[in-house]
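Read off the chains here:
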Amino acid sequence: MTQNRFCIGLTGGIGSGKSTVAALFAEHGAGIIDTDIIAHRLTQAGGAAIEAIRAAFGDGYIADDGALDRVKMRALIFSDAAAKQRLELLLHPLIREQAKAQLRQLEASPYVILVVPLLPESPAFRQLVQRVLVVDCAEDTQVARVIGRNKMTEAEVRAIIARQTPRAERLQLADDVIHNDAGLDSLEEPVAVLHERYLNAEGNSSN
């Protein structure tokens, strides 16, 4: 591993509140690396992954503005497991390299939160972290949040959840869990408690 920052992998299902929790850690001074943001940059117009995607999937999956056609690609990978694997094999190494580069740039941060939705399925990303934090909530809560945020149907959201790592497996992987069924006000205290724990862990790991 090329970095010596104390790094916590933050994961959870769609609609669990990962970004909200990461933002609260950022308010405490944590460094934040979000692999969804990295993936978006890689697949925007001029992004480093665009030509590889064009070569692997054809011009039809590149939108008129030169970015990945996300709607079309989402439909493909939901109906074709081999295509999903092909896209992940293309994107994940690029995302990991960008994440490692950002880790090196965050030397001044007391610790780093690495947001990785696919962390349970990705041993390569787990090698970058010393602890796993799962943001957890009931499936009905996930569904309601995503419908409200993304204007998707309940069936579409439940199909996404069904394809993600099962909730029980995520929780089994967790070193720490934040429960997020009650909303923002209920998150501040557990984030503050974990912030102190992570500060102490970073101090201990530096000795």
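Below: a short report on this structure. Counting of residues starts from 1 at the beginning of each chain's written sequence and follows it residue by residue. Reporting of local features is limited, given that this is a predicted model, to residues whose pLDDT is at least 70; pairs of side-chain atoms are given and counted only at 80 or more, and all residues count toward the totals for whole chains, interfaces and linings. To get the side-chain values, take all heavy atoms of the structure and skip hydrogens and water.

As for helix H7 (residues 139-150)
When the terminal C-alpha atoms of H7 are compared, their 16 Å separation across 12 residues agrees well with the 16 Å that a helix rising 1.5 Å per residue should span. Residues of H7 that are buried make contact with helix H8 (154-163). In DSSP terms, a helix is any run of H or I states spanning at least four residues, a strand is any run of E spanning at least two, and both are numbered starting from the N terminus. Looking one or two residues past H7, Lys151 carries a phi angle of roughly 55°, positive in sign. Under the convention used throughout, the expected extent of a helix is 1.5 Å for every residue step, that is, one less than its residue count. By the convention used here, residues are in contact when the closest approach between their heavy atoms is within 4.5 Å.

A short note on the layout of surface pockets
Cavity and pocket criteria rest on a 1 Å grid covering protein atoms alone: a 1.4 Å probe that fits but cannot get out defines a cavity, protein on both sides within 12 Å along at least 5 of 7 lines defines an open pocket, and an atom within 4 Å of a point defines a lining residue. Grid points are joined across faces, edges and corners, and a volume is the space filled by probe spheres set on the points. Of the voids in this model, the largest pocket is the one considered here, and its volume is about 1400 Å³. Looking at the largest pocket, it is lined by 39 residues, and the ones nearest its centre are Asp36, Arg74, Ile77, Pro117 and Gln164. Mapped onto the lining of the largest pocket, the elements with two or more residues apiece are helix H1 (18-27), helix H2 (35-42), helix H4 (70-79), helix H5 (81-105), H7 and H8. Counted by class, the lining of the largest pocket contains 17 nonpolar, 12 polar and 10 charged residues. Polar here means any residue outside two lists: the nonpolar Ala, Val, Leu, Ile, Met, Phe, Trp, Tyr, Cys and Pro, and the charged Asp, Glu, Lys and Arg; Gly therefore counts as polar.

Things to note about the nonpolar core
For soluble globular proteins, nonpolar side chains are generally found buried alongside one another. Here the nonpolar core consists of buried residues drawn from Ala, Val, Leu, Ile, Met, Phe, Trp, Tyr and Cys, with membership extended through side-chain atoms lying within 4.5 Å. Each residue is placed in one exposure class: buried if its accessible area under a 1.4 Å probe, protein chains only, is under 20% of its type's maximum, exposed if it is over 50%, and partly exposed if it falls in between. One finds Ile33, Ile53, Phe57, Met73, Leu87, Ile95 and Leu114 to be the most contacted residues of the largest nonpolar core, which totals 33 residues. For this core, the secondary structure elements donating two or more residues are H2, helix H3 (50-57), H4, H5, strand E3 (112-115) and strand E4 (131-136). Here the element with the most residues in this core is H5; it accounts for 7 residues. Ignoring sequence-local partners within four residues, the contact set of Ile53 consists of Thr43, Gly58, Ile62, Leu68, Met73, Leu87 and Leu90. Grouped together as the second largest cluster of nonpolar side chains are 18 residues, Phe6, Ile8, Val115 and Leu133 included.

Description of the pattern of salt bridges
Here a salt bridge means any side-chain nitrogen of Lys or Arg lying within 4 Å of a carboxyl oxygen belonging to Asp or Glu. For the structure shown, the criterion picks out 10 salt bridges. Among the ionic pairs, Asp176 bridges to Arg131, the shortest N-O distance being 2.9 Å. Placement of Asp176 in strand E5 (residues 176-179) and of Arg131 in strand E4 is noted, with a sequence separation of 45 residues between them. A single network of salt bridges, built from pairs that share partners, joins Glu139, Asp140, Glu154 and Arg158.

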